[in-house]
Amino acid sequence: MSKALGRLWRWLSGRPEPPSAEEAAELARLFRNRYQDFRGLLAANSEALELMAEVQLGAAGERAPDPSELPASLLQLHEQVGRMVASLERMAPGRFDALQERLAAIGAEIQGALGGDALGAGDGEPSGKDREGDLASPEAPANGGARPATPEALVSGGVRASPGAAVGPVYWVKRDADARDLPDGALLLLDVPAPRWAPLLGRAAAVAAVHGSLAGHLATVARELGKPALFDLGAQLERLQTGTQATLDADGRAIYAGRIAAPLLARSAALSDGPLRDCPGRARLEQALRHVTPLTLLDPDEPAFRPESCRTLHDITRFCHEMSVREMFGLGRQSPLPRHAGRQLYFKVPMQWWVLDLDDGVREGPQGKYVRLEDIRSAPMLAVWEGMTAIPWDGPPLLSGRGLASVMFEATANPGLATPFGQPYAERNYFMIASDFMNLQSRFGFHFATVEALVGERTGENYICFAFKGGAADPDRRLRRVELIGALLEEQGFEVQIHDDLARARFAGAGAGPSGDKLKVVGYLLIHTRQLDMIMGDAALVRRYQAKMEADIEKLAGGGP
């Protein structure tokens, strides 16, 4: 690190004078370089997951590549994963060296499984073998023959993420508490097919989701386990209620009420023993796939989530994606850089928000002290801003005597609540943006919030991370406030974790429209949860505010998830 950067980092950790223009420009350049590596990694991740989908479906005879091309596809997939590892290495030099070793070892295992003549003859098996538990007869309509007449589907369309069909009771999982009671053999219904739900597929007969894509992590797991999956079904999936019996036909892209007669699903049974079953070298190819598609790294918060634990190419893609998100924001977290390297936001008047353009987040034009809201091109930032401004804030809630006493005591007794900005409710906030990316760091009085979002055309890349911490009241009131925030976000399909007065929430795998709606909700909560910790000891007031916020969020989110 250069001397100038060393001086800059010392300033960031407490030096009173601001950095020089050259120092600020250098750190801004580092931010922009990191962003470019981050986007390159995400692009390689999308391509890798799409290749993985083609490999799995090609092995089942569902789509290209055909079985004779699978070894070359596996090698191409290995190269894409290598691009991800290289990008992460540039973002965090020396921190994940073991990834290169694991990638090389997995590549050697794939090559060893394929052998010198990967598709040589001698170990194929006849096709047509029925799978135990198939719902349909193995006889399928020949030569594209007409399928029997079917009843009207309750749900239709979407993306066939994994072939097959299943019958079972519908069961919605919208939060962690729901997952504990998932019945064996149920049709698992999700808002977002996040990787954290992968352990549930072992118990489920099939899975359907409001959002999602063919190249998502959960889609890959569903195909690996042979579980039928339909994703991106939209709000129509809400027609299905927990406990009702239904039939999911992934190949027909439909869900029907009740149990459908076996002939309807004959095509699904026939496809389950696709061309790979007749392919010479099938055993070796299946052995190679064991080093590609299984996902064993599921929980990023577990100690085992580390490079040495990666057993497959899928594990490495998951690890690189998660670590790139963390690394992208680690450099700028709690840094006042954009106030010096960025420009002040102008919306009617100059505002206490600074904007650092990482790529194409601001329209080209004259560079001055201010950036006007109409010049912002960042879709995530505009969505958050809409949520912040769509419904006026009524101001601080009326404090009870106990609430006021709690605030006064904490403000004087807890040094962690001291604000460095001079005024007790000073707002000093900043955005780092590109056209489809945003990192927001904000401070409102005694609480802090961060929002990290990517919203673009590739559904599998889109995500929102939200963290909220702090407050001026006592710990019990602060905890109750983050529990309220968590409950509101869970209703919108976010994955929520709460520890003390810190709430973390994540939403991923949805299209640009739904993701934008969720960001509006986040923007709303940034403004409308200010100082609510002060009244969290009054149950009646809490219910009143919660009801109002739920009604407001319903409008912002377009009618809910």
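Per chain, residues are indexed from 1 in the order of the written sequence. Given that the model is predicted, a residue must reach a pLDDT of at least 70 before its local features are reported, and side-chain atom pairs must reach 80 or more before they are shown or counted; all residues, however, enter totals for whole chains, interfaces and linings. Excluding hydrogens and water, the side-chain values take into account all heavy atoms of the structure.

A.B. asks: How should the sheet that holds strand β7 (residues 245–249) be read in this particular structure?
C.D. replies: As a general point, the strands of a sheet are linked pairwise by backbone hydrogen bonds and lie either parallel or antiparallel. Any two strands between which DSSP finds at least two bridges are classified as paired. In DSSP terms, a helix is any run of H or I states spanning at least four residues, a strand is any run of E spanning at least two, and both are numbered starting from the N terminus. Strand order in the open sheet formed by 8 strands is β1-β8-β7-β3-β4-β5-β6-β2, and the pairing between neighbours is mixed. In this open sheet, the two strands that pair with only one neighbour each are β1 (155–156) and β2 (159–162). Pairing analysis gives 2 bridges linking strand β5 (residues 206–209) to strand β6 (residues 229–231), with the strands arranged parallel. From the neighbouring strand, V207 faces β6, where its bridge partner is A229. Residues are treated as being in contact if the distance between any of their heavy atoms lies within 4.5 Å. Simply put, an axis is a line fit to the C-alpha atoms, just over the touching stretch for a helix, and the angle between two N-to-C directions goes from 0 to 180 degrees. Relative to the sheet, helix α6 (residues 217–225) contacts β2, β4 (187–190), β5 and β6, its axis offset from that of β2 by approximately 55°.

A.B. asks: Can you walk me through the pairing of strand β12 (residues 429–434) in this structure?
C.D. replies: If a strand is regular, its side chains alternate between the two faces of the sheet. Working definition: with a 1.4 Å probe on protein chains only, accessible area under 20% of the residue-type maximum means buried, over 50% means exposed, and in between means partly exposed. When you tally the buried positions in β12, you get 6 out of 6 residues, the bulk of the element. Both faces of β12 are covered, namely the face carrying N429, F431 and I433 and the face carrying Y430, M432 and A434. Pairing between strand β10 (residues 349–357) and β12: 5 bridges, direction parallel. Looking across to β12, one finds that W354 is bridged to Y430. Summarising the sheet, β12 and strand β13 (residues 437–444) pair through 5 bridges and their orientation is antiparallel. Bridging from a neighbouring strand, M432 pairs with N439 of β13. Where β12 hands over to β13, the hairpin turn is made up of 2 residues, counted between the paired strands.

A.B. asks: Looking at this structure, how should I read the sheet that holds β13?
C.D. replies: Judged by pairing direction, the sheet is mixed, and its 9 strands sit side by side in the order β11-β9-β10-β12-β13-β14-β15-β17-β16 without closing on themselves. The strands lining the two open edges of the sheet, one partner per strand, are β11 (370–372) and β16 (495–499). Strand-to-strand twist across the sheet, computed as the mean angle between neighbouring axes with direction ignored, equals 20°. Where helix α11 (residues 379–389) meets the sheet, it contacts β9 (343–347), β10, β12, β13 and β14 (447–454), and its direction lies at approximately 35° from that of β13.

A.B. asks: Would you mind going over α6 with me for this structure?
C.D. replies: One turn of the α-helix equals 3.6 residues, which is why residues spaced by three or four share an orientation. Most of α6 is tucked away, with 7 of its 9 residues classed as buried. Of the residues making up α6, those classed as buried are H217, L218, A219, T220, V221, A222 and R223. At the exit of α6 stands G226, carrying a positive phi of roughly 70°.

A.B. asks: I keep staring at the nonpolar core and nothing clicks. Help me out?
C.D. replies: Ranked by size, the top nonpolar core spans 54 residues in total, and within it M438, V451, F466, L489 and L526 carry the most contacts. Sort the elements by how many residues they give to this core and helix α14 (residues 512–528) lands first, with 7 residues. With residues up to four places along the chain from it excluded, the contact list for F466 reads A449, T450, V451, I485, L489, A503, R504, A505, V522 and L526. Listed in part, the 35 residues of the second largest apolar core include L49, L77, L114 and C310. To form a nonpolar core, buried Ala, Val, Leu, Ile, Met, Phe, Trp, Tyr and Cys residues must be joined to one another through side-chain atoms within 4.5 Å.

A.B. asks: Would you mind showing me how to read the side chain of N462 here?
C.D. replies: With respect to the helices and strands, N462 occurs in the loop between β14 and β15 (463–470). On the basis of relative accessible area, N462 is assigned to the buried category, the value being 2%. For the purposes of these results, a polar contact is taken to be a pair of N or O atoms within 3.5 Å, where, inside protein, one atom must be able to donate a hydrogen and its partner to accept one; residues adjacent in sequence count only when each atom of the pair is a side-chain atom. A distance of 3.0 Å separates a polar side-chain atom of N462 from the backbone oxygen of A510. Dropping the residues within four chain positions of it, N462 is found in contact with L454, V455, G456, F507, A508, G509, A510, G511, A512 and S515.

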